[in-house]
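Reading the structure
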Amino acid sequence: MVSLGVLTTYMVVVLGLMVIPGPATLLTLARAVSGGKRVGLATGIGIAAGDLFHTMMATFGLSALLATSALAFEIVKYAGVIYLIYLGFKAFVEKSGSIDLPTAQAITPMRAFRQGFFTEILNPKTALFFLAFLPQFIHPESGSVIGQFALLGAIFVILSIGVTSLLAVGAGSIGGWLRRNRTIGRWQGKVIGTIYVALGLRLALQQQ
């Protein structure tokens, strides 16, 4: 199965991407601030469920591709490296402004869950990210590819629920901190871009 070193790298990268304010983070905070902790938690769980959907789609699609051609799977991995580096440079050079919590009306937890879920699964950029990101940590020689995908996907979803739950519980203080530090958006893209580029370069060099 997946080695401890790969798992550690994977979890560090995922956590690094999750804790930096992004659309999912800001939506969870906005829902929690406007509707309370339960609504914030429901939003975060809905987003995590959407991530699980994308993980399943990537798992079955890429596993089928590997069964057909190992070369095709390697091509997908290298294409993923290029895409991650592209995302990194794009995020790094884009001009960022101040971060504001989006306006959110108070809604029920069930509706918040549905909105979080459908917002995530209908985002084509999220689908592309999973197709590019997950294969980088899959090593066919380590055993069942489906098993590796399932493990990585489960870890991603668990970490997502954990992070968004903490955000929902601490929504008041975290939201206040973001409002007091509105210029955080100026380095947000730089940090995300650095993570993407570093990951892409590391994987590209590792595969050579």
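Small disclaimer: the values here were computed from a predicted structure and weren't measured.

Another point: the overall build of the protein. Regarding its fold elements, the protein presents nine helices and zero strands. Counting helices and strands in the order they occur from the N terminus, the protein gives α-α-α-α-α-α-α-α-α. Per-residue burial over the protein gives 46% buried out of 208 residues. By element, 70% of the accessible surface of the protein is carried by carbon and sulfur atoms, the whole surface being about 10,500 Å².

By the element assignment, Ser165 lies in helix H7 (residues 145–169). The exposure class of Ser165 is partly exposed, given its relative accessible area of 21%. Spatially, the C-alpha atom of Ser165 lies 9.5 Å from that of Arg38, the residues being 127 residues apart in sequence. At 2.6 Å, the side chain of Ser165 forms a polar contact with the backbone oxygen of Ile161.

What follows is about the nonpolar core. In terms of nonpolar packing, the biggest core is built from 34 residues, with Tyr10, Phe133 and Leu134 touching the most fellow members. Elements with a minimum of two residues in this core: helix H1 (4–19), helix H2 (23–35), helix H3 (37–68), helix H4 (70–93), helix H6 (124–133), H7 and helix H9 (185–207). A per-element tally of this core places H7 first, with nine residues. Setting aside anything within four residues of it in sequence, one finds Leu134 in contact with Tyr10, Thr55, Ala58, Phe149 and Leu152.

A few words now on the UniProt feature "transmembrane region" (unreviewed entry) in the protein. Those residues carrying the UniProt feature "transmembrane region" (unreviewed entry) are residues 6–27, 39–58, 64–86, 117–138 and 150–178 in this numbering. Across residues 64–86 one finds 96% helix and 0% strand; the C-alpha atoms that close the span lie 26 Å apart. Secondary structure content for residues 117–138 is 68% helix and 0% strand, while the C-alpha to C-alpha distance between its ends is 26 Å.

Moving on to H1. Across its 16 residues, H1 extends 22 Å between first and last C-alpha, which sits within 8% of the 22 Å expected from 1.5 Å per residue. Of all the positions in H1, only Val6, Leu7, Tyr10, Val13, Val14, Gly16, Leu17 and Met18 are classed as buried.

Looking at the element boundaries, Thr55 is found in helix H3. When near neighbours in sequence (up to four residues on either side) are disregarded, Thr55 contacts Phe130, Leu134, Phe149 and Gly153.

Further remarks concern the packing of H1 against H7. One can describe the packing of H1 onto H7 by two numbers: an axis separation of 10 Å at closest approach and a directional angle of 35°. Seen from above, H1 lies across H7 with right-handed handedness. Judged by residue contacts, Leu7, Tyr10, Met11, Val14, Leu15 and Met18 of H1 engage Leu151, Leu152, Gly153, Ile155, Phe156, Leu159, Ser160 and Val163 from H7. In terms of residue class, the contact of H1 with H7 is built from twelve nonpolar, two polar and no charged.

Definitions and limits used
- Position labels on residues start from 1 in each chain and follow its written sequence.
- Where local features are concerned, this predicted model is filtered to residues with pLDDT of at least 70; where side-chain atom pairs are given and counted, the filter is 80 or more; whole-chain, interface and lining totals use all residues.
- Here the side-chain values reflect all heavy atoms present in the structure, with hydrogen atoms and water set aside.
- Counting from the N terminus, the helices are DSSP H or I runs at least four residues long and the strands are E runs at least two residues long.
- Whether a residue is buried, partly exposed or exposed follows from its accessible area with a 1.4 Å probe, protein chains only, as a fraction of its type maximum: under 20%, in between, or over 50%, in that order.
- For every accessible area listed, the method is Shrake-Rupley and the probe measures 1.4 Å; residues are considered covered only by the protein chains on display.
- Nitrogen and oxygen atoms within 3.5 Å of one another constitute a polar contact, given that in protein one can donate a hydrogen and the other can accept it, and given that sequence-neighbouring residues count only through two side-chain atoms.
- What makes a nonpolar core is a set of buried Ala, Val, Leu, Ile, Met, Phe, Trp, Tyr and Cys residues whose side-chain atoms join them at distances within 4.5 Å.
- Residue contacts are defined here by distance: any two heavy atoms, one from each residue, within 4.5 Å place the two residues in contact.
- UniProt positions are given in the numbering used here, feature names are shortened, and annotations may be inferred rather than shown by experiment.
- For a helix, the expected span equals 1.5 Å multiplied by the number of residues minus one.
- To define axes, lines are fitted to C-alpha atoms, for helices over the stretch in contact only, and angles between the resulting N-to-C directions are given on a 0 to 180 degree scale.
- A crossing counts as left-handed when the near helix is turned anticlockwise from the far one by less than a right angle, and as right-handed when that turn is clockwise.
- Side-chain classes follow a simple rule in which Ala, Val, Leu, Ile, Met, Phe, Trp, Tyr, Cys and Pro form the nonpolar group, Asp, Glu, Lys and Arg form the charged group, and the remainder, Gly included, forms the polar group.

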